[in-house]
Amino acid sequence: MAQSQQNSDASDSGIAAASDQPSAFRSEDVWAIWLGWIVLAVALAATWWSRPDGVQSLVGRYEALTRQLNALKTSDTNSIQITELQTQREELRKELARNPLRPYLAKLRSWSDNPLDAFVGSDGNTQWVGLAGMFLVGLLLFGLGVAGMGERLRGFPAAFFTVYLLSILSFVLADQKVVKHYNLEYALWALVIGLIISNTIGTPQWLRPAVRTEFYIKTGLVLLGAEVLFNRLLSLGAPGIFVSWVVTPTVLIATYAFGQRILRIPSRSLNMVISADMSVCGVSAAVATAAACRAKREELSLAIGLSLSFTVIMMVVMPAVIEALGMGPVLGGAWIGGTIDSTGAVAAAGGMLGETALAVAVTIKMIQNILIGVVAFGVAVYWVTYVDRKSSQSRPSLKEVWRRFPKFILGFLAASLVFSGIAASGVEGNAIVSAVLSGTSATLRGWFFCFAFVSIGLETNFRELRQFFKGGKPLVLYVCGQTLNLILTLAMAWLMFEKVFPNAAISLAQ
């Protein structure tokens, strides 16, 4: 009877369910780490063993081109010559490391009139091999995880195949050229598709074994860690840290306090998840924070829905506002990187302002992404210390803090450290990391996130969300918090990049 009650409670808490497993080695967080590192290790080994002959000669040519470029950049040489040399150097870098797994993982392409064009690769051939490979990789990885967590695999393959097909549909819709022009990304389409199913015919029971929002996102976040390279983050130095690490926690704390003291939102966990989602980095921070404060699944869905809706608006409006106000690409890129939630949306919005703005925006967002672990740990401590503290407890239990802390964050940080070290080892190491990320990690992460957004839609029912929208308080919280975020980020970016460190982004601009 006690065990049944425990299982029921775990199910109700949604995000916390994984942490209530009898064994830590069977938890969702641990298996997300294992799966993420299996992908990274296999891709790294395959790329390493596929190195071309004469690597040292290629490295020498690359370094010679770099010296030539640096010399030209200090003179008044025609920029066309610099661009040509940069193109040659980029092609040479690609020769240094080739990822043999790339052809077996499909990434759909843009299309205009015929949706079938999305399935045609750059070589003109249909990507059936890559699509089949993507399905098999996902099935094997998450099937292994499901079995490792002690759950039955029966019904999972068919359910996962359906989620996979819905994800393909999401990518196809997002890749239509007109849709892509307005930056309506796959995440929005995946969520909408899932919501239509769940709120019309209802999510069938046979599909539920593959509806695993947190598992897909957590595994994708471990892969994201390999993309957060410290040598790139340090290229912006102090101003990047001030914009990301000073403004972000300030907005988080202020928004949460506003929600509790002014709006008086009944659910503290909903308040915290929305605050973290809006101030840190969208879905990634929302999942990590929800795990730390044991938010309900419906609360996470609501926060992510708000985030995606405003992300679409902001990535279309902000570039236009920046150009209208005459901001430079560095200031505009920093403002975008510090405020728009999704990394993909940041890249899209920054790209509208040029290569310099794109580089600054993405780098600022990567610096901000590091805060995922810090925020999750801080929320876990705060929840144990104040929110859930029993009157009989004199001080919080470290064991309880550790139990609440989302362990997959450790996989994220480990991936970041290891791949940062490899990238910093030299030209060859940097080329290998780039090949692993572009050919395997980034592609799989995009698919895993799409599985997650489809799952969010499939397990979200508007009738269940109605209680959280009473009085419109969550919407008011998000709007007020994001307004504060926009003002403080712009002020800090202007102070850092225009006044205190005006030359901070030169290395990224070149």
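These numbers come from a predicted model, not from an experiment.

Novice: In this structure, what is going on with the pattern of salt bridges? I would like to understand it.
Specialist: Two side chains with opposite charge may pair up if their charged atoms get near one another. Overall, the coordinates contain 6 salt bridges when judged by the stated rule. In this structure, the salt-bridge partner of E28 is K218, at a minimum N-O distance of 3.2 Å. Of the two residues, E28 sits in helix α2 (residues 28-49) while K218 sits in helix α9 (residues 213-225), which places them 190 residues apart along the sequence. What makes E28 buried here is its relative accessible area of 11%. Residue class for K218 comes out buried when judged on its relative accessible area of 1%. Measuring nitrogen to oxygen at the nearest pair gives 3.1 Å for the salt bridge that ties E428 to R51. Linking E428 in helix α22 (residues 427-458) with R51 in the loop between α2 and α3 (55-73), this pair joins segments that are 377 residues apart in sequence. On the basis of relative accessible area, E428 is assigned to the buried category, the value being 16%. Through salt bridges that share partners, E28, D29 and K218 make up one connected network.

Novice: Can you walk me through helix α13 (residues 268-281) in this structure?
Specialist: Along an α-helix, residues three or four apart share an orientation, since each turn contains 3.6 residues. Compared with the 20 Å implied by 1.5 Å per residue over 14 residues, the 20 Å span of α13 between its first and last C-alpha is a close match. Looking one or two places after α13, you find G282, whose phi comes out positive at around 70°.

Novice: Mind showing me how you'd approach the packing of aromatic side chains here?
Specialist: The geometry of two aromatic rings is summed up by the distance between their centres and the angle between their planes. Taken as a whole and judged by the stated rule, the model has 23 aromatic pairs. Where F119 meets W128, the ring centres are 5.8 Å apart and the plane angle is 15°; that geometry is what we call stacked. Among the residues examined, F119 registers a relative accessible area of 14% and is labelled buried. A residue is classified by how much of its surface remains accessible, and W128, at 55% relative accessible area, is exposed. On the numbers, 6.3 Å between centres and 50° between planes, the contact of W447 with F451 is tilted. Taken as a pair, W447 and F451 lie in helix α22 at a separation of 4 residues, close to a single helical turn. An identical accessibility class is assigned to W447 and F451; each is buried. Here the basic side chain of R51 rests over the ring of W48, its NZ or CZ set 3.7 Å away from the ring centre. Between the NZ or CZ atom of R445 and the centre of the ring of F449, over which it lies, the distance is 5.9 Å.

Reading the values: the criteria
- Residues numbered from 1 in each chain as written.
- Predicted model: local features only at pLDDT ≥ 70, side-chain atom pairs only at ≥ 80, totals over all residues.
- Heavy atoms only, no water.
- Salt bridge = Lys/Arg side-chain N within 4 Å of Asp/Glu carboxyl O.
- Helix = DSSP H or I, 4+ residues; strand = E, 2+ residues; numbered from the N terminus.
- Buried < 20%, exposed > 50% of the residue type's maximum accessible area, 1.4 Å probe, protein only.
- Expected span 1.5 Å × (residues − 1).
- Phe/Tyr/Trp six-rings, centres within 6.5 Å; stacked < 30°, edge-to-face > 60°.
- Lys NZ or Arg CZ within 6 Å of the ring centre and 35° of its normal.

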